[in-house]
Amino acid sequence: MTRKFILGTDFWTDCDDCVALRLLTRAVKAGEISLLGVAINACMEHSVASLVGFLRADGVPDVPVGLDRDATDYGGAPPYQKRLAERFAPDLSNTDAEDALSLYRRLLAESEDGEIELIEIGYPQVLAALLASEGDAYSP
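First things first, this report covers the structure right here in the doc. Please read all numbers here as calculations on a predicted model, not as lab measurements.

Cut-off values and rules
Residues numbered from 1 in each chain as written. Predicted model: local features only at pLDDT ≥ 70, side-chain atom pairs only at ≥ 80, totals over all residues. Heavy atoms only, no water. Helix = DSSP H or I, 4+ residues; strand = E, 2+ residues; numbered from the N terminus. Buried < 20%, exposed > 50% of the residue type's maximum accessible area, 1.4 Å probe, protein only. Core = buried A, V, L, I, M, F, W, Y, C linked by side-chain atoms within 4.5 Å. Contact = heavy atoms within 4.5 Å. Pairing = 2+ DSSP bridges. Axes fitted to C-alpha atoms, helices over the stretch in contact; angles between N-to-C directions. Parallel < 35°, antiparallel > 145°, perpendicular 65-115°, else oblique. Left-handed = near helix turned anticlockwise from the far one by under 90°. Nonpolar A, V, L, I, M, F, W, Y, C, P; charged D, E, K, R; others polar. Lys, Arg positive; Asp, Glu negative; His and termini not counted. Salt bridge = Lys/Arg side-chain N within 4 Å of Asp/Glu carboxyl O.

Digging into unusual backbone geometry
No. 1: Unusually for a residue other than glycine, Phe-11 sits at a positive phi of about 35°.
No. 2: Along the chain, Phe-11 falls in the loop between β1 (3-9) and α1 (16-29).
No. 3: The class of Phe-11 is buried, set by a relative accessible area of 1%.

If you want it as structure tokens, here you go:
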């Protein structure tokens, strides 16, 4: 059985998020894992478009991306984010992403065997909200 993952990331100004995402996309393309979704837990102007652009450029364009709409913008303007957004996802903005908590709940509810591994390399507020959340349209 292929291992399934959801990644939580701040996808901010440093390289840890890009490296982790690159490792995951390579494993997806090699058929070793399934990346069910990515949730962004820190927000900047080009967060969604740059992350979707990264996924498109890396050959895995169908991975859904969620955004914590209440996430903090810690400042900074990494040029790679604007460039990824402009080149690979000029059609997207932060408002186009699914809410990060809804993304988690939907993906977990859709899993047939319930075995999904969560990787968190950002801030934990979305995971905390998931643990504290009550039933919704996806799951009681």
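Concerning the nonpolar core
No. 1: Judged by nonpolar contacts, the single largest core of 27 residues is most densely connected at Leu-21, Leu-35, Val-38, Leu-51 and Leu-55.
No. 2: Top contributing element to this core by residue count: helix α2 (residues 47-57), with six residues.
No. 3: In contact with Leu-35, other than residues within four places in its own chain, are Phe-5, Leu-7, Leu-21, Leu-24, Val-28 and Val-63.

Remarks on the sheet that holds strand β2 (residues 33-40)
Across a sheet, strands are paired by hydrogen bonds formed along the backbone, either parallel or antiparallel in direction.
No. 1: The five strands lie next to each other as β4-β3-β2-β1-β5, forming an open sheet whose pairing is parallel. Looking at which strands have only one partner, the edges of the open sheet turn out to be β4 (98-99) and β5 (117-120).
No. 2: In this sheet, β4 lies alongside strand β3 (residues 65-67) in parallel orientation, the contact comprising two bridges. Looking at β4, one finds that Leu-67 is bridged to Asp-99.

Quick look at the packing of helix α4 (residues 100-110) against helix α5 (residues 125-132)
No. 1: The geometry of α4 relative to α5 is characterised by a closest axis approach of 9 Å and an angle of 55° between their N-to-C directions. What the angle tells us is that α4 and α5 run oblique. The two elements α4 and α5 cross, and the hand of that crossing is right-handed. Residues Ala-100, Leu-101, Tyr-104, Arg-105 and Leu-108 of α4 form the contact with α5, whose own contacting residues are Val-126, Leu-127, Ala-129 and Leu-130.
No. 2: Classifying every residue of the contact of α4 with α5 gives eight nonpolar, no polar and one charged.

Thoughts on the environment of Ser-93
No. 1: Along the chain, Ser-93 falls in the loop between α3 (79-88) and β4.
No. 2: Assessed through its relative accessible area of 31%, Ser-93 is described here as partly exposed.
No. 3: As for Ser-93 and Val-48, which are separated by 45 residues in sequence, their C-alpha atoms are 6.1 Å apart.

Things to note about the side chain of Asp-17
No. 1: With respect to the helices and strands, the residue Asp-17 is situated in helix α1.
No. 2: Nearest to the buried, unbridged Asp-17 among oppositely charged side chains is Arg-22, at 14 Å.
No. 3: Once residues within four sequence positions are removed from consideration, Asp-17 is found in contact with Thr-9, Asp-10, Phe-11, Trp-12 and Ile-121.

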